[in-house]
Amino acid sequence: MKIIMLGAPGAGKGTQAKMIADKYGIPHVSTGDIFRANIKNGTELGMEAKKYMDQGLLVPDELTVKILLDRVANEDCKNGYVLDGFPRTIPQANVLDKALTELGDQIDFAIDVDVPDENIVKRMGGRRACLSCGATYHIEHVPPKAEGICDTCGEKLVLRDDDKPETVQNRLNVYHEQTQPLIEFYEAKGVLRTVDGTQDMKDVFKSIVAILG
Ligand code: ADP
Ligand code: AMP
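Predicted, not measured: the structure shown is a model, and the values here were computed from it.

Engineer: Is there a simple way to explain helix α5 (residues 90-102) in this structure?
Structural biologist: Within an α-helix, residues lying three or four positions from one another point in the same direction, as the helix has 3.6 residues per turn. Here α5 is 13 residues long and its end C-alpha atoms lie 18 Å apart, about the 18 Å a rise of 1.5 Å per residue gives. Here α5 has its buried residues at Q92, A93, L96 and L100. Looking straight down α5, one finds that the buried residues subtend no more than 100° of arc, so they occupy a single side. Looking at α5, the residues exposed on the side facing more than 90 degrees away from the buried face are K98, T101 and E102. Taken together, the buried residues of α5 touch β1 (2-6), α4 (61-72), β3 (81-84) and α8 (181-188). A side-chain oxygen of the first residue of α5 lies 3.1 Å from the backbone nitrogen of Q92; this N-cap is T89.

Structure below.
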């Protein structure tokens, strides 16, 4: 099963993608996590991506498409995957579409996690991330067992630089301009499904399972 998560930054794509990956036994592929891991390890790709990420801008398509296609060519993706944060532009979606068509394959579902902008701004300020294992928490909705420490790997949790309020508004503008058109793109392909992302995260997941079966 090949699934794409759509939705604004902070809509809960990552939270739901992890739950989907666990239940259906497919890898969770997040381009944001790949970039953050590269920044943490000080790679050239990381340095380049950081310039854009810190401003709430998208990393250029050429760079992003390459890392994504390399990742999904891995053996662990052969039975499917859940993409979180990719595609984010129409050109990215076209490249993915072409790569899949060449393999005689296609996306099964594009799930739009729908959350209005007002809720997003609140959520992002409360998000805490583990840059080591990619786990995500929320100071009110999903607090870690020990304040500021990742339950999974014991690393210190951080407020991502791009989750600071001044950057969140930029990211929302970029989302509306460049990413939202993907909703129509996948609707035209007949694979779009929309869930109400303002529900409790367990209920969002129930809605997704009802779609995926
Ligand atoms: P995205 O991957 O779309 O950027 P995340 O999954 O990281 O978003 O979620 C953003 C923040 O909101 C996180 O702190 C997460 O714990 C919290 N969150 C996710 N889903 C919900 C929900 N349904 N209700 C409330 N908070 C949520
Ligand atoms: P995320 O963790 O998905 O919220 O992504 C964090 C940041 O990484 C984004 O704001 C972008 O700067 C960058 N990024 C992640 N995925 C992509 C993508 N598909 N295209 C361009 N930039 C991306």
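Engineer: For this particular structure, what's the right way to read the packing of helix α2 (residues 31-40) against α4?
Structural biologist: Between two packed helices, the angle of one axis relative to the other and the distance separating the axes together describe the packing. Where α2 contacts α4, the two axes come as close as 11 Å, and the packing angle between them is 105°. In terms of their interaxial angle, α2 and α4 are classed as roughly perpendicular. For the pair formed by α2 and α4, the contact residues are T31, I34 and F35 on the first element and T64, I67, L68 and R71 on the second. In terms of residue class, the contact of α2 with α4 is built from 4 nonpolar, 2 polar and 1 charged.

Engineer: Which parts of the structure should I look at to understand the site of ligand 2?
Structural biologist: Taken together, the neighbourhood of ligand 2 is formed by 16 residues, with T31, R36, L57, G85 and Q92 sitting nearest. At a separation of 3.0 Å, a nitrogen atom of ligand 2 approaches a polar backbone atom of V59. Note that a nitrogen atom of ligand 2 is positioned 2.8 Å from one of the backbone N or O atoms of G85. Considered on its own, ligand 2 offers 480 Å² of accessible surface; in the complex 96% of this is hidden by protein. Each residue belonging to the shell around ligand 2 can be placed in one class, and the counts come to 6 nonpolar, 5 polar and 5 charged.

Engineer: Help me out: how do you make sense of helix α9 (residues 201-212) in this one?
Structural biologist: In this model, α9 (12 residues) spans 16 Å end to end at C-alpha, consistent with the 16 Å of a helix rising 1.5 Å per residue. Considered for burial, the residues of α9 that qualify are V204, F205, I208 and L212. The arc enclosing the buried residues of α9, seen along the axis, measures out at 95°, which places them on a common side. Opposite the buried face of α9, by more than 90 degrees, sit the exposed residues K202, K206 and A210.

Procedures and definitions
- Residues numbered from 1 in each chain as written.
- Chains lettered and ligands numbered in written order.
- Predicted model: local features only at pLDDT ≥ 70, side-chain atom pairs only at ≥ 80, totals over all residues.
- Heavy atoms only, no water.
- Helix = DSSP H or I, 4+ residues; strand = E, 2+ residues; numbered from the N terminus.
- Expected span 1.5 Å × (residues − 1).
- Buried < 20%, exposed > 50% of the residue type's maximum accessible area, 1.4 Å probe, protein only.
- Arc of directions from axis to C-beta.
- Contact = heavy atoms within 4.5 Å.
- Polar contact = N/O pair within 3.5 Å; in protein donor to acceptor, adjacent residues only side chain to side chain.
- Axes fitted to C-alpha atoms, helices over the stretch in contact; angles between N-to-C directions.
- Parallel < 35°, antiparallel > 145°, perpendicular 65-115°, else oblique.
- Nonpolar A, V, L, I, M, F, W, Y, C, P; charged D, E, K, R; others polar.
- Near = heavy atom within 4 Å.
- Areas by Shrake-Rupley, 256 points an atom, 1.4 Å probe, with all protein chains shown as cover.

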